[in-house]
Amino acid sequence: MTEAQGVVNAHHGAFGQDRFGHAAEKAARFFGTPRYIIGQTLAVVVWVALNAVALIGHWDPYPFILLNLAFSTQAAYAAPLILLAQTRQAERDKISAETMEAHREEVARKAVHHAEVAERTATELRQLLEANTDLTRQDKELTEQIAALTREIHARLS
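Reference entry: report on the structure contained in this document. (Residues numbered from 1 in each chain as written. Predicted model: local features only at pLDDT ≥ 70, side-chain atom pairs only at ≥ 80, totals over all residues. Heavy atoms only, no water.)

### A closer look at the overall build of the protein
Move 1: Secondary structure summary: the protein contains 4 helices and 0 strands in total.
Move 2: For the protein, the N- to C-terminal ordering of α and β elements is α-α-α-α.
Move 3: Once local pairs closer than 6 in sequence are excluded, the contacts in the protein between residues at least 24 apart make up 64%.
Move 4: Of the roughly 12,400 Å² of accessible surface on the protein, a fraction of 65% belongs to carbon and sulfur atoms. (Helix = DSSP H or I, 4+ residues; strand = E, 2+ residues; numbered from the N terminus. Contact = heavy atoms within 4.5 Å. Areas by Shrake-Rupley, 256 points an atom, 1.4 Å probe, with all protein chains shown as cover.)

### A closer look at the packing of aromatic side chains
Move 1: Applying the stated criterion across every chain yields a total of 2 aromatic pairs.
Move 2: A centroid spacing of 5.4 Å and a plane angle of 75° characterise the contact between Phe-30 and Tyr-36, whose relative ring orientation is edge-to-face.
Move 3: You can call Phe-30 partly exposed: its relative accessible area is 37%.
Move 4: The buried category is assigned to Tyr-36, whose relative accessible area is 14%.
Move 5: With a centroid separation of 5.3 Å and 65° between ring planes, the pair formed by Phe-31 and Tyr-36 is classed as edge-to-face.
Move 6: An aromatic cluster of at least three residues, connected via ring pairs, comprises Phe-30, Phe-31 and Tyr-36. (Phe/Tyr/Trp six-rings, centres within 6.5 Å; stacked < 30°, edge-to-face > 60°. Buried < 20%, exposed > 50% of the residue type's maximum accessible area, 1.4 Å probe, protein only.)

### Overview of the pattern of salt bridges
Move 1: Counted under the stated rule, the structure contains 9 salt bridges.
Move 2: For Arg-92, the salt bridge goes to Glu-25, with nearest N and O atoms at 2.8 Å. One end of the pair, Arg-92, is in helix H4 (residues 65-157); the other, Glu-25, is in helix H2 (residues 19-31), and 67 residues separate them in sequence. Here Arg-92 matches Glu-25 in class, with each residue buried. (Salt bridge = Lys/Arg side-chain N within 4 Å of Asp/Glu carboxyl O.)

### Considerations on the packing of H2 against H4
Move 1: It is the contact of H2 with H4, at a shortest axis distance of 8 Å, that shows an interaxial angle of 110°. Between H2 and H4, the crossing angle belongs to the class labelled roughly perpendicular. In this structure, H2 contributes Phe-20, Gly-21, His-22, Ala-24, Glu-25, Ala-27, Ala-28 and Phe-31 to the contact, and H4 contributes Gln-74, Ala-78, Leu-81, Ile-82, Leu-84, Ala-85, Arg-88, Gln-89 and Arg-92.
Move 2: Residue composition of the contact of H2 with H4, by class: 10 nonpolar, 4 polar and 3 charged. (Axes fitted to C-alpha atoms, helices over the stretch in contact; angles between N-to-C directions. Parallel < 35°, antiparallel > 145°, perpendicular 65-115°, else oblique. Nonpolar A, V, L, I, M, F, W, Y, C, P; charged D, E, K, R; others polar.)

### Side note on unusual backbone geometry
Move 1: The backbone of Phe-64 shows a phi angle near 60°, a positive value even though the residue is not glycine.
Move 2: Inspection of the secondary structure assignment puts Phe-64 in the loop between helix H3 (34-53) and H4.

Structure (structure tokens):
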């Protein structure tokens, strides 16, 4: 697990790591699903059909006041649950963004440091190359001087 994931997983929104907050997020996610919409539609169709046909009795006759009350109650609870879930998600998103920005800054700082190290290393290599070139030139000059002296000694002895 990366540090960013650890920070995000460790933070549980403005309301802490509580069951209610988790339940609110779960409910908010469910309210937007096709399964919920289809289920609610089927419940309304069955409710209206049972009350329109009156096989069981009219517990909620037209204009379906009890059904309207049920929807109003559901909306009264759903909206705050969705807002709570959004608040918790916004807090996680904020921490995630801050963590990513800190990571980007760290990567940029390391890139600058690596560039500086590479520049120092290149400078040192150039200096070593120049020193090696000087030593090679000196070695050549000394070899030529030794060869000249050897010829001179050989000429005097012969």
